[in-house]
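Results of the structural survey
Residues per chain, in single letters:
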Amino acid sequence: MLLRGGTVLAFLTSAALAQSVPPAPNDAPPDQPSHDGTEDARWTIRFEPAVWFAGLSGDVTLPRADEDSGGNQPTRLRDLGQNRTARLTPFGEVSLRRGNWGFALRGFALASDESAPGRDGMIGDIPIADGDAISSSVTFAAAELEALYTLVKGQSRPMEGGGYWLRPRLDLVFGLRALQADWSVRNLDAEGPDSASADELALHPLVGIKAGAVIRERFALDVQLAAGGMPFLENSSFGFDILVGGSCEIIPHVGVQLGYRALFFSISSGDGDAQFEFSGAVQGLYAGLAIEF
C-alpha cells in the first residue's frame, strides 16, 4: 500500500507541476467560471465523518513497580487477542481552506476488550502461567491539528457549463499530533498480583505533503504522507501516517468517500523495568461522507 500511495503521489505531483500555470481567462466561454483565483477568495469548510475498519498490531510493555526487578519484556498484542479482527472505529476530519492556506483537524478513537489464554511469563507485575485466563482492554486515540500551504496548483481542459476536467494541487503539511493510550490487563487465575495498567499521553510535531486532484468538478483523489516525533531520554513518541482517499459528489455539496489509512506509532515513558512502551500500527479501510460548503 505504501508503494501504491507513492505511485499516486508521484502522478499527482507531476500533473500539478505540468499544470501550474492556469490558462488565460479567455480559454473558457464567457458563461463559464475561469477559476483564475477568485474561487479562492472565500473560506470553504469540509466535514468528513467516517467509519474506519481498523486493525491493531504491535506489542506493549506495562511498567513494573520496581525499576530493577530483573527484567521486563514486551507482550505481543496477538498473545492478548488484540489483533484478531478489525474494529469499527469512529474517524473524522474537518478542514478549512482559503487561497493557498488550509487547516485541518482529524481524529479517531479505538476501544477493544479481549480475552486470551496466557503464556508463561510476566505482564508488568502480573505472573502468568500457561493457560491462565487473561483479559485486556485498550483505548487508543490519535488527533492531528494541521496547517496546509499550497506549493503548486493548476487547472486544465475547460468544460462546457463551467469548471475544469482536472484541477491538481500539492500542499506542504505541518502541525501537531497527539497520541493517547490506556491499557489494563488482568489475570483472572492469578494467586498474586492480578492486574497491571498504564495511561499515557504523547504529543509531537509532524510534517508532510499532500497531493490531490479534482476531476470533472465531481471526483476528488488525495494522498497524504506525514511523519513526526519527539525523542527524549525517558519520554518519546513517533508517528508515520499514510492516507489515501477518494470521494464522489452525489448531490450538491454532499459526496461519499472511501479510503485507506495506516498509522505506525510508538509511545514510550519511564525508565528501566518501570518503562511503559506501546508500539505498532493501526490500519484499514474507511468509508463515510464528504460535506463541503
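Residues numbered from 1 in each chain as written. Predicted model: local features only at pLDDT ≥ 70, side-chain atom pairs only at ≥ 80, totals over all residues. Heavy atoms only, no water.

What follows concerns the overall build of the chain. Scanning the chain from terminus to terminus reveals 1 helix and 14 strands. Per-residue burial over the chain gives 44% buried out of 293 residues. Residue pairs at least 24 apart in sequence account for 69% of intrachain contacts in the chain once pairs closer than 6 positions are excluded. Working note: accessible area of the chain is about 14,500 Å², and carbon and sulfur atoms make up 59% of it. (Helix = DSSP H or I, 4+ residues; strand = E, 2+ residues; numbered from the N terminus. Buried < 20%, exposed > 50% of the residue type's maximum accessible area, 1.4 Å probe, protein only. Contact = heavy atoms within 4.5 Å. Areas by Shrake-Rupley, 256 points an atom, 1.4 Å probe, with all protein chains shown as cover.)

Side chains of W43, L96, W101, F103, Y149, L151, L172, F174, V207 and I209 sit close together on the surface and give an oily, nonpolar patch of about 890 Å² of accessible area. At the level of elements, β4 (101-117), β7 (133-153), β9 (164-187) and β10 (195-215) are the ones that each hand at least two residues to the nonpolar patch. Its relative accessible area of 51% is what places L151 among the exposed residues. (Patch = residues over 30% accessible without salt bridge, like charges linked within 9 Å, V, L, I, M, F, W, Y side chains within 5 Å. Salt bridge = Lys/Arg side-chain N within 4 Å of Asp/Glu carboxyl O.)

Position of F238 relative to the elements: it lies in strand β12 (residues 235-251). On a C-alpha basis, the gap between F238 and L203 in space is 9.0 Å, while along the polypeptide they are 35 residues apart. Contact partners of F238, with chain neighbours within four places excluded, come to L179, H204, G228, G229, F264, F265 and S266.

Attention now moves to the pattern of salt bridges. Inspection of the entire model under this criterion finds 16 salt bridges. Between R46 and E292 there is a salt bridge, with the nearest N and O atoms lying 2.8 Å from each other. Here E292 lies in strand β14 (residues 276-292) and R46 lies in strand β1 (residues 44-61), a separation of 246 residues in the sequence. The partly exposed category is assigned to E292, whose relative accessible area is 33%. Put simply, E93 and R106 hold a salt bridge, and the shortest N to O gap is 3.0 Å. Residue E93 is located in strand β3 (residues 87-98), and its partner R106 is located in strand β4; the two are separated by 13 residues in the primary sequence. Looking at R106, the relative accessible area reads 3%, which means it is buried. When salt bridges with common partners are traced through the structure, they connect E93, R106, E144, E146, R177, D241 and R261 into a single cluster.

As a further point, take the environment of A202. Relative to the helices and strands, A202 resides in strand β10. Distance from A202 to F238, taken between C-alpha atoms, is 9.0 Å for residues 36 residues apart in sequence. With near-sequence residues (within four places) excluded, A202 lies in contact with R177, A178, L179, S237 and I267.

Right, let's talk about the pairing of β3 for a bit. Only one face of β3 is buried: it carries R87, T89, F91, E93, S95 and R97, and the other face, with L88, P90, G92, V94, L96 and R98, is open. Here β3 folds back onto β4, and the loop between the two strands holds 2 residues, one of which, G99, carries a positive phi near 60 degrees. (Pairing = 2+ DSSP bridges.)

So, on to the layout of surface pockets. Quantified by volume, the second largest pocket comes out at close to 190 Å³. In this structure, the second largest pocket is lined by 14 residues; those nearest its centre are T75, D79, R119, M122 and I123. Here the residues of the lining of the second largest pocket sort into 7 nonpolar, 4 polar and 3 charged. (1 Å grid on protein atoms, 1.4 Å probe; cavity = no way out; pocket = protein on both sides within 12 Å on 5 of 7 lines; lining within 4 Å. Points joined across faces, edges and corners; volume = space filled by probe spheres on them. Nonpolar A, V, L, I, M, F, W, Y, C, P; charged D, E, K, R; others polar.)

Our focus in this paragraph is unusual backbone geometry. In the Ramachandran plot, R157 falls in the positive-phi region, its phi being about 60 degrees despite a non-glycine side chain. With respect to the element layout, R157 can be found in strand β8 (residues 156-158). You can call R157 exposed: its relative accessible area is 55%. Positive phi outside glycine occurs at R216, with the angle close to 55 degrees. Counting through the fold element by element, R216 comes out in the loop between β10 and β11 (219-230). Judged by relative accessible area, which is 47%, R216 ranks as partly exposed.

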